[in-house]
Amino acid sequence: MARTKRDVHSYYDNLIYGSVLNKKKVTNHGGGNLQSGSSAAGYNPKRKEFDIEYDNDAEKLLADMEFNNSDTEDERELKLRIIGIYNKRLDERQRRKEFVLERNLLNRSAVEKDLSPEEKALCRRYDNFMRFHSKEEHEDLLKTVISEHRTLRRINELKEARAAGCRTSGEADIYHQQKRKREAVENSRRVAQAIKGGQNTNINNMAADGNGSSSRVAGQEYSPSDIMGAYESMLLSESEKRMCSEIGMHPGVYLKMQEELSKDIFKGNVLNKCDAHQMFKMESSKIDRVYDMLVKKGIAQPESI
C-alpha cells in the first residue's frame, strides 16, 4: 500500500519529536528516567548533550591550532600539552554531566516536591554535600534536616502559645489558628485602606489580567520603580516589596490576591497551590509566589511531603 504525503510527514514527526510531543520517558545511562521537561533545562536526551555545556568555551583553547611540518620539537610539545589540558577539561565536563544524569537533577526531587519555600532554601544549603553522598544518603539527610526544622518550628510555636496561656497541644493549635485569622482580618483591613486612600484603580481588573491597571497593555509588567512608587507599597513589608518587584506585580493586585486567598483558605476551599491557580487568570508562577508568602506568614499551610 502506497504511503501518502501526510503518512510520511506523520511518521517522521513521531520518529523525531515523539518523545517531546507525547511526553514519553527517556532512560539515561545512569538508570533513571528523564522526563521530556528536561528540555527546559537545555538538555537533549537523544544526543545526551546540554545546549550550554560545563566549561563551554574549552574548545577555544585549540580552535586555531594546527600541526605543521615546519613545527619545531618545542612547538609540537607545546601543542600536545595544550591538547592534554583540553582533554582534562573534557573529562571534567563529562564527570559533571554524568553526575547530573545519575542523580536525576534535571527533575525536581521527590523529597523537595511539596516543601515550603523556606524548607527548599534550607535544602539548597546542603547541595554542596551532595557529591559526598549517594543519592539515597543525601535524600535521607534532607529528610532529617527538614524533620528537625519542623520540630524546632513546632517547639517555638508551643513556646509562644504557652506564653499566651495555653497548656495543651490542642489549645496551642487553636491559638495559632486564631492568630492566622487575625492576620487575615488585618490584611483585609490594609487592603480596604489601600483602596480608599490609593489611586483610583480597579484592582479586580488588575488581578484579572495579572499585570496591573486596566490602562496597561495586557502582558506588560510593572517596573520596580513603579512598584516602589505605588501608594499601596506603604502597606507591604520589605520581603513583600521585593517579591512584587521580582515578579512585576502591582502592590494593589498582591493585596487583593492575598485577601481573596486568605478568605478561601479559612473557608477550606483552598488547600494547595493547584486550588489557588483556579482563582486567578495569570501566570501560575506568580500565584505560587503569593501563596508561598502566605505560607511564610502562617496563613496557608505548607504542602506536605
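Residues numbered from 1 in each chain as written. Predicted model: local features only at pLDDT ≥ 70, side-chain atom pairs only at ≥ 80, totals over all residues. Heavy atoms only, no water.

## As for unusual backbone geometry
A negative phi angle is the norm for most residues apart from glycine, just as the trans form is the norm for most peptide bonds.
Right, so step 1: For Asp-55, which is not glycine, the phi torsion reads 55 degrees and is therefore positive.
Right, so step 2: Along the polypeptide, Asp-55 turns up in the loop between β4 (49-50) and α2 (73-102).
Right, so step 3: With relative accessibility at 25%, the residue Asp-55 sits in the partly exposed group. (Helix = DSSP H or I, 4+ residues; strand = E, 2+ residues; numbered from the N terminus. Buried < 20%, exposed > 50% of the residue type's maximum accessible area, 1.4 Å probe, protein only.)

## Quick notes on the nonpolar core
Generally speaking, a soluble globular protein has its nonpolar side chains buried in company with each other.
Right, so step 1: By size, the foremost hydrophobic cluster in this structure holds 24 residues, and its most contacted members are Met-243, Met-249, Tyr-254, Met-257, Leu-261, Met-282 and Val-290.
Right, so step 2: Not counting the four nearest positions on each side in its chain, Met-243 is found in contact with Tyr-254, Arg-289, Val-290 and Met-293.
Right, so step 3: By size, the runner-up hydrophobic cluster in this structure holds five residues, among which are Leu-115, Cys-123, Leu-142 and Ile-146. (Core = buried A, V, L, I, M, F, W, Y, C linked by side-chain atoms within 4.5 Å. Contact = heavy atoms within 4.5 Å.)

## Considerations on the confidence of the model for the protein
Right, so step 1: Within the protein, residue pLDDT values average 76, and 74% of them lie at 70 or more.
Right, so step 2: No element of the protein has a lower mean pLDDT than strand β1 (residues 26-27), at 44, and none a higher one than helix α4 (residues 135-163), at 91.
Right, so step 3: Between residues 19-32, whose pLDDT stays under 50, and residues either more than four places distant or in other chains, the model counts 25 contacts.
Right, so step 4: Confidence over residues 199-220 falls short of pLDDT 50; this stretch has 35 contacts with residues more than four positions distant or in other chains. (pLDDT = per-residue confidence, 0-100.)

## Describing a negative patch on the surface
Right, so step 1: On the surface, Glu-73, Asp-74, Glu-75 and Glu-77 cluster together into a patch of negative charge.
Right, so step 2: Within the secondary structure, Asp-74 is located in helix α2. (Patch = residues over 30% accessible without salt bridge, like charges linked within 9 Å, V, L, I, M, F, W, Y side chains within 5 Å. Areas by Shrake-Rupley, 256 points an atom, 1.4 Å probe, with all protein chains shown as cover. Salt bridge = Lys/Arg side-chain N within 4 Å of Asp/Glu carboxyl O. Lys, Arg positive; Asp, Glu negative; His and termini not counted. Charge placed at Lys NZ, Arg CZ, Asp CG, Glu CD.)

## Describing the packing of helix α9 (residues 251-267) against helix α11 (residues 284-297)
Right, so step 1: Running from N to C, α9 and α11 point in directions that differ by 65 degrees, and their axes come no closer than 10 Å. Note that α9 runs across α11; the crossing there is right-handed. Residues Tyr-254, Met-257, Gln-258, Leu-261, Ser-262 and Ile-265 of α9 form the contact with α11, whose participating residues are Ile-287, Val-290, Met-293, Leu-294 and Lys-297.
Right, so step 2: When the residues that make up the contact of α9 with α11 are grouped by side-chain class, the tally is eight nonpolar, two polar and one charged. (Axes fitted to C-alpha atoms, helices over the stretch in contact; angles between N-to-C directions. Left-handed = near helix turned anticlockwise from the far one by under 90°. Nonpolar A, V, L, I, M, F, W, Y, C, P; charged D, E, K, R; others polar.)

## Re the pattern of salt bridges
Right, so step 1: In the structure shown here, the tally under the stated rule is 20 salt bridges.
Right, so step 2: Taking the shortest distance from any N to any O, the salt bridge between Lys-60 and Asp-57 comes out at 3.9 Å.
Right, so step 3: Lys-60 gets classed as exposed once you look at its relative accessible area, which sits at 64%.
Right, so step 4: For Glu-92, the salt bridge goes to Arg-95, with nearest N and O atoms at 2.8 Å. Placement of the pair is Glu-92 and Arg-95 together in helix α2, with a separation of three residues, close to one helical turn.

## Some details on the layout of surface pockets
Over the atoms, a rolling probe the size of a water molecule traces out where space has been left empty.
Right, so step 1: Estimated volume of the largest pocket: approximately 480 Å³.
Right, so step 2: Those elements that place two or more of their residues in the lining of the largest pocket are α3 (117-124), α4, α5 (169-197) and α11.
Right, so step 3: Considering each element in turn, the lining of the largest pocket owes the most residues, six residues, to α5.
Right, so step 4: Grouping the amino acids of the lining of the largest pocket by side-chain chemistry returns four nonpolar, six polar and eleven charged. (1 Å grid on protein atoms, 1.4 Å probe; cavity = no way out; pocket = protein on both sides within 12 Å on 5 of 7 lines; lining within 4 Å. Points joined across faces, edges and corners; volume = space filled by probe spheres on them.)

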